[in-house]
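Structural description and commentary
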Amino acid sequence: HGHFQLALDVKPVFKRINLSAYQKESKRLDLTHLYADFKKMGLNYGQSFQVIQAAWGDEHSLLAHLLLAQELSTRDYLMHPALLDGALQSLALR
């Protein structure tokens, strides 16, 4: 019988992104029909859940600007469900 020990020294890699530079270097996506297209697919987002204000992207990445409606309270949430849903909605932009 034998003894084996494995130690991994793996550190996560975090890349700081300059948002202004990313917006200038990437294509601004047309969101004109985004929520109408969602509706055609049977996804009827009410005003409070239409949080995607703008988006930029290239073939490898996407940046979405999400904005929570002022009338919604964030008091009881770490992240409001409308913002979390907006992050998922942005995946349709790829």
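Rules behind the numbers
- Residues numbered from 1 in each chain as written.
- Predicted model: local features only at pLDDT ≥ 70, side-chain atom pairs only at ≥ 80, totals over all residues.
- Heavy atoms only, no water.
- Pairing = 2+ DSSP bridges.
- Helix = DSSP H or I, 4+ residues; strand = E, 2+ residues; numbered from the N terminus.
- Salt bridge = Lys/Arg side-chain N within 4 Å of Asp/Glu carboxyl O.
- Buried < 20%, exposed > 50% of the residue type's maximum accessible area, 1.4 Å probe, protein only.
- Contact = heavy atoms within 4.5 Å.
- Core = buried A, V, L, I, M, F, W, Y, C linked by side-chain atoms within 4.5 Å.
- Arc of directions from axis to C-beta.

Let's shift gears to the sheet that holds strand 3 (residues 62–66). If you trace the three strands from one edge of the open sheet to the other, you get 1-2-3, paired in antiparallel fashion. In this open sheet, the two strands that pair with only one neighbour each are strand 1 (27–28) and strand 3. When strand 2 (residues 52–57) meets strand 3, the two strands line up antiparallel, connected through five bridges. Note on strand 3: the bridge partner recorded for Ala55 is Ala64.

For the structure shown, the criterion picks out two salt bridges. The salt bridge involving Asp37 is made with Lys40; its shortest N-O contact spans 4.0 Å. Separated by three residues within a single helix, Asp37 and Lys40 lie in helix 2 (residues 34–40), roughly one turn from each other. Given a relative accessible area of 36%, Asp37 falls into the partly exposed group.

Once that is clear, we can look at the environment of Lys27. Along the chain, the position of Lys27 falls in strand 1. Taking relative accessible area as the criterion, Lys27 reaches 60% and is therefore assigned exposed. Those residues in contact with Lys27 that sit more than four places away from it in its chain are Ala55, Trp56 and Gly57.

Moving on: the nonpolar core. Counting eight residues, the largest nonpolar core consists of Leu29, Leu31, Leu34, Tyr35, Phe38, Ile52, Ala55 and Leu93. Within the residue set of this core, elements represented by two or more residues are helix 2 and strand 2. The element that contributes the greatest number of residues to this core is helix 2, accounting for three residues. Excluding residues within four positions of it along the chain, Leu29 makes contact with Ala55, Trp56, Gly57, Leu62 and Leu93.

Turning our attention to helix 3 (residues 81–89). Among the residues of helix 3, those classed as buried are Ala82, Gly86 and Gln89. Relative to the axis of helix 3, the buried residues are bounded by an arc of 55° and lie together on one face. At its buried positions, helix 3 is contacted by helix 2, strand 2 and strand 3.

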